[in-house]
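Here is what each chain is made of, one letter per residue.
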Amino acid sequence: MTLIRFCYFILILAAAGSAFSLHPFITWALLASALTLMVYGMDKMAARKAWRRVPESTLLILGVVGGWPGAILGQQLFRHKTQK
């Protein structure tokens with residue numbers, strides 16, 4: 001399974017898991033943000049090891065669907081896409 005498919009699979013699992021919680025919107029925001037932060041970290045690691053990268057469109061989609069706090073934190077924490 002490629003990294004991109006894995007990211008979307010985890011995003012679907014997060015959506016399903018948040019639907020069954022007491023506070024689905026808060027749960028979704030936390031899960032999407034944590035997932036986005038993890039993907040930014042994995043992409044930075046892939047860049048350092050010259051592995052296949054996560055497309056920027058996938059990173060943007062994760063941010064748009066609710067993971068924008070994790071995206072901002074990931075950019076600052078991992079210094080991701082801040083050099084160019």
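Remember, predicted model here, so these are calculated numbers, not experimental data.

(A) The packing of helix H1 (residues 3–19) against helix H3 (residues 56–77), seen in detail. Following both chains from N to C, one finds H1 and H3 inclined at 10 degrees, their axes separated by 11 Å at the closest point. In terms of their interaxial angle, H1 and H3 are classed as roughly parallel. Residue-level inspection shows Ile 4, Tyr 8 and Leu 11 of H1 in contact with H3, the latter providing Thr 58, Ile 61, Leu 62 and Val 65.

(B) Spotlight on a nonpolar patch on the surface. A cluster of nonpolar side chains, namely Phe 6, Phe 9 and Leu 13, defines an oily patch on the protein surface of about 280 Å² accessible area. Within the fold, Phe 6 resides in helix H1. By relative accessible area, which is 35% here, Phe 6 ends up partly exposed.

(C) Broad picture of the pattern of salt bridges. With the rule as written, the count across this model stands at one salt bridge. The closest approach of N and O atoms between Arg 53 and Asp 43, which form a salt bridge, is 2.9 Å. Taken together, the residues Arg 53 in the loop between helix H2 (24–48) and H3 and Asp 43 in helix H2 connect sequence positions ten residues apart. The exposure class assigned to Arg 53 is partly exposed, which follows from its relative accessible area of 37%. We classify Asp 43 as buried; its relative accessible area is 0%.

How each quantity is defined
- Residues numbered from 1 in each chain as written.
- Predicted model: local features only at pLDDT ≥ 70, side-chain atom pairs only at ≥ 80, totals over all residues.
- Heavy atoms only, no water.
- Axes fitted to C-alpha atoms, helices over the stretch in contact; angles between N-to-C directions.
- Helix = DSSP H or I, 4+ residues; strand = E, 2+ residues; numbered from the N terminus.
- Parallel < 35°, antiparallel > 145°, perpendicular 65-115°, else oblique.
- Contact = heavy atoms within 4.5 Å.
- Patch = residues over 30% accessible without salt bridge, like charges linked within 9 Å, V, L, I, M, F, W, Y side chains within 5 Å.
- Areas by Shrake-Rupley, 256 points an atom, 1.4 Å probe, with all protein chains shown as cover.
- Salt bridge = Lys/Arg side-chain N within 4 Å of Asp/Glu carboxyl O.
- Buried < 20%, exposed > 50% of the residue type's maximum accessible area, 1.4 Å probe, protein only.

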